[in-house]
Amino acid sequence: MTNSINEFEDADLFLVTGSNTTAQHPLIGSRIINAKERGAKLLLIDPRAIQFAQFADLHLRQNIGTDVAVLNGMMNIIIEENLYDRTFVEERTEGFDQLKSVTSRYTPRVVERISGISAADLEKAARMYATSDKAMLVYCMGITQHTTGTDNVKSCANLAMLTGHIGRPSTGVNPLRGQNNVQGACDMGALPNVYSGYQPVTDTAIKKKFEDAWGVQVLDDKVGLTVTEMMIAVRKEEIKSLYIMGENPMMSDPDTSHIDHALSHLEFLVVQDIFLSETAAKADVVLPAASFAEKEGTFTNTERRVQISKKAVPPPGLARPDWEIICEVSRLAGYAMDYTSPADIMREINTLTPSYAGITYRRLEQSYGIQWPCPNEEHPGTPYLHRDRFTKGRGTFLPCDFKPVAEVPDEEYDFLLTTGRIYYHYHTGTMTRRISILEREAPVPMIEINPEDAKRLSIKNNDTVEITSRRGVIKARAEVTGRVPRKVVFSTFHFHEAPVNLLTNPALDPLAKIPEYKGCAVKVRRCV
């Protein structure tokens with residue numbers, strides 16, 4: 001997030017898109033509702049009528065995968081009606097003429113044909129966002145999990161810069177992270193192209209810095225593979241062994257039958273996890289890890305806040321903290337990692353990671369957390385980014401053209417399947433499905449289907465339905481509901497009984513390499 005969670009209280013408007021906030025980030029969702037009760041406006045862009053729809057001042061239900069067209073259409077209106085922040089654009093951005101040229105093609109009528117959103121509603125949305133003093137743009141995986149996910153994010157940034165809704169409190173572009181400590185993992189270099197603090201592996205000076213710190217001369221300066229690319233490489237027999245930590249690709253990756261085949265043909269698979277997940281069950285070696293409550297360390301949350309987590313209970317059995325396991329594996333492999341504690345590791349982070357330089361263990365133990373960037377121990381942390389300038393100086397508009405989903409419905413596969421989460425379960429259910437209260441509330445997988453489609457297919461609530469894509473087939477109970485539009489079905493990936501990612505399309509965003517979980521062609525029938 002460019003801004004902070006407590007700033008939600010003072011915003012004038014929220015543009016929420018691709019985020020079922022009350023279900024998956026309920027504390028942030030409650031802050032938005034509280035702000036709404038004090039007079040803030042809520043502009044929702046989502047194909048489904050999620051809970052926020054009942055609070056929204058305006059709900060735009062776009063066709064799945066048309067986000068770029070919708071955002072371009074809003075910018076077209078803002079520019080045409082001279083509602084953009086001319087001073088901000090002239091003093092702090094570059095590339096405006098190119099943005100104006102691209103968005104000029106996305107008139108309200110053109111966008112209406114692409115997205116299904118009426119021209120009048122699009123115009124109202126554009127004016128609401130542009131004329132608000134403090135508008136926060138909030139998005140989540142409904143924006144990123146497309147083959148055009150990078151274009152979607154660029155378009156969100158374009159809209160915020162165009163209107164000057166960035167670099168001030170209660171504004172900004174605010175992605176809500178999908179899992180605990182995803183932000184921290186990325187910050188610490190759990191990406192194939194960077195070291196900690198997003199320092200490029202291709203930079204010779206940075207490579208030398210880490211080599212000197214670690215006493216080696218063998219660090220690779222080539223960009224590695226993402227998770228999805230690794231699985232492709234396994235299928236091509238270019239990778240023969242995997243070490244998987246805290247990830248369950250047998251449930252979370254698209255086109256799961258191919259994942260199953262790939263993992264089964266590895267020469268060696270190690271899984272390090274707190275439970276025996278579907279992926280761990282396929283491993284040659286399972287390394288039992290301690291959960292968050294059984295170890296000490298830091299987490300970095302969605303607002304870039306680094307916080308200490310203390311051990312509450314001892315780990316069970318042979319389980320150990322992840323850092324201890326990694327150090328031991330490294331020692332046995334021939335490289336001695338001689339860290340003695342999480343505080344010891346943090347001292348190295350302070351030394352090698354400029355954005356974390358001032359976030360010391362001592363300071364964290366005396367605070368509620370510190371937000372990076374924090375360049376030294378006298379710095380208080382940064383509640384919002386881009387206050388006076390962007391990191392690179394001027395912010396660059398990067399306009400994008402609309403592209404449809406990679407797999408559009410046809411005569412045989414005539415529905416679009418979109419996936420997500422529900423309030424009671426989390427990710428692949430590895431943790432939440434072991435909790436009896438949550439299982440009681442959501443015990444079985446459901447498929448949401450529109451009442452008109454259900455009537456045409458003779459489907460009633462709780463009927464068993466079969467959903468088939470070009471990659472697989474699952475069965476689940478039907479939930480007949482107006483939450484989904486016609487010719488769209490929705491399900492979650494929490495349930496191994498109906499692993500929805502058997503169906504999803506493994507097509508990737510060309511830059512971020514994120515799969516298109518949010519739209520694939522399927523056919524639906526009632527099981528007799």
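Numbers given to residues run from 1 along each chain, matching the order in which its sequence is written. It should be noted that, the model being predicted, local features are given only for residues of pLDDT at least 70 and side-chain atom pairs only at 80 or more, the latter also being counted only at that level, while totals for whole chains, interfaces and linings use all residues. The basis for every side-chain value is the complete set of heavy atoms in the structure, and neither hydrogens nor water enter the calculation.

**With respect to the pattern of salt bridges**
When a carboxyl oxygen of Asp or Glu is within 4 Å of a side-chain nitrogen of Lys or Arg, the pair counts as a salt bridge. Across all of its chains, the model carries 38 salt bridges by this definition. One salt bridge connects R526 with D463, and the closest N-O pair in it is separated by 3.1 Å. Of the two residues, R526 sits in strand β23 (residues 520-526) while D463 sits in the loop between α19 (451-456) and β18 (464-468), which places them 63 residues apart along the sequence. Throughout this description, buried means an accessible area under 20% of the type-specific maximum (1.4 Å probe, protein chains only), exposed means over 50%, and partly exposed covers the range between. Of the residues examined, R526 reaches a relative accessible area of 35% and is grouped as partly exposed. Residue class for D463 comes out buried when judged on its relative accessible area of 17%. Salt bridges here are not isolated pairs; linked through shared partners, they connect R48, E448, E479 and R483. The helix count covers DSSP runs of H or I at least four residues long, the strand count covers runs of E at least two residues long, and both are numbered beginning at the N terminus.

**Description of the packing of helix α12 (residues 227-235) against helix α14 (residues 256-264)**
For any two helices packed against each other, one specifies the inter-axial angle together with the distance between the axes. Remark: α12 packs on α14, axes separated minimally by 9 Å, with the N-to-C direction vectors making an angle of 60 degrees. In terms of orientation, α12 lies oblique with respect to α14. α14 is crossed by α12, and the crossing has left-handed handedness. Where α12 approaches α14, its residues M231, V234 and R235 are matched on the opposing element by H258, I259, A262 and L263. Residues were grouped as follows: Ala, Val, Leu, Ile, Met, Phe, Trp, Tyr, Cys and Pro as nonpolar; Asp, Glu, Lys and Arg as charged; and all remaining residues, including Gly, as polar. Partitioning the contact of α12 with α14 into residue classes produces five nonpolar, one polar and one charged. Only the contacting stretch of a helix is used when fitting its axis, a line to C-alpha atoms as for every element, and angles between N-to-C directions run 0 to 180 degrees. When describing relative orientation, an angle under 35 degrees is termed roughly parallel and one over 145 degrees roughly antiparallel, while 65 to 115 degrees is termed roughly perpendicular and anything else oblique. The hand of a helix crossing depends on one turn: near helix anticlockwise from the far one by less than a right angle means left-handed, and clockwise means right-handed. Contacts were defined at the residue level, with two residues in contact if any of their heavy atoms lie within 4.5 Å.

**Quick notes on the sheet that holds strand β9 (residues 241-245)**
Note on pairing: two strands pair once DSSP finds at least 2 bridges between them. Strand order in this open sheet of three strands is β9-β10-β11, and the pairing throughout is parallel. Edge positions in the open sheet fall to β9 and β11 (285-288), since each of these has one partner strand only. Along the sheet, successive strands turn relative to each other by an average axial angle of 10 degrees, direction set aside. Against the sheet, helix α15 (residues 322-333) touches β9, β10 (268-273) and β11, its axis set at about 155 degrees to β9.

**Section: unusual backbone geometry**
Only a minority of non-glycine residues have a phi that is not negative, and only a minority of peptide bonds are not trans. W372 connects to P373 through a cis peptide bond whose omega is 0 degrees. Position of P373 among the secondary structure elements: in the loop between β14 (370-371) and β15 (395-396). Of note in this structure, N181 is not a glycine but carries a positive phi near 65 degrees. Along the chain, N181 turns up in the loop between β6 (173-175) and α10 (182-187). Under the relative-accessibility criterion, N181 is labelled partly exposed at 23%. In this structure, N462 is a non-glycine residue whose phi angle is positive, near 70 degrees. Among the structural elements, N462 can be located in the loop between α19 and β18. According to the relative accessible area criterion, N462 is partly exposed, its value standing at 47%.

**Remarks on the domain arrangement of the protein**
Looking at the assigned domains, one finds that the protein contains domain 1 (5-176), domain 2 (182-371) and domain 3 (415-526). Here domain 1 and domain 2 have C-alpha centroids that lie 34 Å from each other. In this entry, domain limits derive from an automatic or database-based domain assignment.

**Things to note about the packing of aromatic side chains**
When the centres of two rings from Phe, Tyr and Trp lie within 6.5 Å, Trp using its six-membered ring, the rings pair. Their planes under 30 degrees apart give stacked, over 60 give edge-to-face, and anything left gives tilted. Overall, the coordinates contain nine aromatic pairs when judged by the stated rule. Centre to centre, the rings of F88 and F390 are 6.3 Å apart; their planes meet at 85 degrees, and the pair counts as edge-to-face. Of this pair, F88 sits in helix α4 (residues 86-92) while F390 sits in the loop between β14 and β15, and the two are 302 residues apart along the sequence. The exposure class of F88 is buried, given its relative accessible area of 9%.

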